[in-house]
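Read off the chains here:
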Amino acid sequence: MRDEAAAIVTGISHHLTPGYAPLNVHLFQWLRFAELLDYAAKAPAVSRAR
């Protein structure tokens, strides 16, 4: 899962145009989602004992 999430971030980043471009607006939303997914995949699992 970790490798796939990192690959998604890299893949989306390759489609961005340098500088501000209206075309990038939709990609930035997906890039942010992919970055959050990558972060969650790398975070250690937390066990909650009750």
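Everything below is about the structure shown above.
The following refers to the structure shown. (Residues numbered from 1 in each chain as written. Predicted model: local features only at pLDDT ≥ 70, side-chain atom pairs only at ≥ 80, totals over all residues. Heavy atoms only, no water.)

**Observations concerning the overall build of the protein chain**
Here is step 1 of the chain: A tally of helices and strands in the protein chain yields two helices and zero strands.
Here is step 2 of the chain: For the protein chain, with 50 residues in total, the buried portion stands at 18%.
Here is step 3 of the chain: Of the roughly 4,500 Å² of accessible surface on the protein chain, 64% is carried by carbon and sulfur atoms. (Helix = DSSP H or I, 4+ residues; strand = E, 2+ residues; numbered from the N terminus. Buried < 20%, exposed > 50% of the residue type's maximum accessible area, 1.4 Å probe, protein only. Areas by Shrake-Rupley, 256 points an atom, 1.4 Å probe, with all protein chains shown as cover.)

**What about the packing of aromatic side chains?**
Here is step 1 of the chain: On inspection of all chains with the given rule, the structure shows one aromatic pair.
Here is step 2 of the chain: Both rings, one in tryptophan 30 and one in phenylalanine 33, keep their centres 6.2 Å apart while their planes meet at 90°; by these two values the pair is edge-to-face. Residue tryptophan 30 and its partner phenylalanine 33 are both found in helix H2 (residues 24-42); the two are separated by three residues, about one turn of the helix.
Here is step 3 of the chain: Exposure remark for phenylalanine 33: the relative accessible area of 49% places this residue in the partly exposed category. (Phe/Tyr/Trp six-rings, centres within 6.5 Å; stacked < 30°, edge-to-face > 60°.)

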